[in-house]
Amino acid sequence: VDFANGHIEGAINIQNNNSFANWAGWMLPYDKPLVFVIDQGQQELVTRKLMRIGLDNIAGFIATTEGHDLTQTTIIDADAVEILKDQENVVLLDVRNIKEFKAGHIDGAQHYFVGRMAKALPDITKDKTIIIQCQSGDRATIASSFLMKQGFQNILNYSGSMIDWIKKGKKVVH
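Residues numbered from 1 in each chain as written. Predicted model: local features only at pLDDT ≥ 70, side-chain atom pairs only at ≥ 80, totals over all residues. Heavy atoms only, no water.

Caption draft 1: Representation of the sheet that holds strand β7 (residues 110-111) in the model. Read from one edge to the other, the open sheet built from five strands follows the order β5-β9-β8-β6-β7, with strand pairing classed as parallel. The sheet is open, and its two edges are formed by β5 (74-75) and β7, each paired on a single side. Pairing of strand β6 (residues 90-94) with β7, which is carried by two bridges, proceeds in the parallel orientation. Opposite Asp-94, over in β7, you have His-111 as the bridge partner. Against the sheet, helix α6 (residues 138-149) makes contact with β6, β8 (129-133) and β9 (155-157), and its axis sits at roughly 165 degrees relative to β9, the strand it touches most. (Pairing = 2+ DSSP bridges. Helix = DSSP H or I, 4+ residues; strand = E, 2+ residues; numbered from the N terminus. Contact = heavy atoms within 4.5 Å. Axes fitted to C-alpha atoms, helices over the stretch in contact; angles between N-to-C directions.)

Caption draft 2: Structural detail: the pattern of salt bridges. For the structure on display, the rule yields seven salt bridges. In this structure, Arg-96 and Asp-94 form a salt bridge, with 2.8 Å as the shortest nitrogen-oxygen distance. Overall, Arg-96 belongs to the buried group, its relative accessible area being 2%. Through salt bridges with shared partners, one network takes in Asp-79, Glu-82 and Lys-170. (Salt bridge = Lys/Arg side-chain N within 4 Å of Asp/Glu carboxyl O. Buried < 20%, exposed > 50% of the residue type's maximum accessible area, 1.4 Å probe, protein only.)

Caption draft 3: Molecular detail of the layout of surface pockets. Here the largest pocket defines a volume of roughly 1400 Å³. Broken down by secondary-structure element, the contributors of at least two residues to the lining of the largest pocket are α1 (2-5), β1 (7-8), α2 (20-27), β2 (34-37) and α6. Ranked by residue count, the leading element in the lining of the largest pocket is α6, at six residues. A class-by-class count of the residues in the lining of the largest pocket yields 23 nonpolar, 17 polar and seven charged. (1 Å grid on protein atoms, 1.4 Å probe; cavity = no way out; pocket = protein on both sides within 12 Å on 5 of 7 lines; lining within 4 Å. Points joined across faces, edges and corners; volume = space filled by probe spheres on them. Nonpolar A, V, L, I, M, F, W, Y, C, P; charged D, E, K, R; others polar.)

Caption draft 4: Fine view of the packing of aromatic side chains. This model, assessed by the stated rule, comprises six aromatic pairs. Ring centres of Trp-23 and Trp-26 lie 6.4 Å apart, and the angle between their planes is 35 degrees; this geometry places the pair in the tilted category. With Trp-23 and Trp-26 both in helix α2, this residue pair falls three residues apart, about one helical turn. Overall, the relative accessible area of 43% leaves Trp-26 in the partly exposed class. Each ring, one from Trp-23 and one from Phe-113, has its centre 6.0 Å from the other, and the planes form 50 degrees; the classification is tilted. With Trp-23 in helix α2 and Phe-113 in the loop between β7 and β8, this residue pair connects regions lying 90 residues apart in the sequence. The exposure classification of Trp-23 matches that of Phe-113, with both residues buried. Site record: aromatic cluster; members linked through ring pairs are Phe-20, Phe-36 and Phe-61. (Phe/Tyr/Trp six-rings, centres within 6.5 Å; stacked < 30°, edge-to-face > 60°.)

See below:
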């Protein structure tokens, strides 16, 4: 939510949690200098996590986005997804792994694992509106921010994702 409310344009949102190093390894370039926006006092922990996977081209850290031009990500809820997902110019993109997708997904969703995006973008034109969803919201935020960095402008993040969809009793297909 903090990232969606205002982030530096071109930033990729990867939360500093137990999966941070995994997603950093999938999504960040090893050959370019990296700058991280993180809470004060987290620099050493983040550096250690990144160095373990060979991401050691750290150019610096920023503790606040104040003073920078910020952009926003639009977050939508299950009812908006249900209304929008079948419209002609809208793509519902499920970025979970294939096993999760086959176990149950929102009707009409296209599958594209978020981890593939750094090597090859999904075959979707940039004029489409793309709703991104995953299981709980973490991967959707990574995918949303990554696609925005690649020039996709009409991105909607369904941060509640499948957990919320199922909780609300919405239809799931297998």
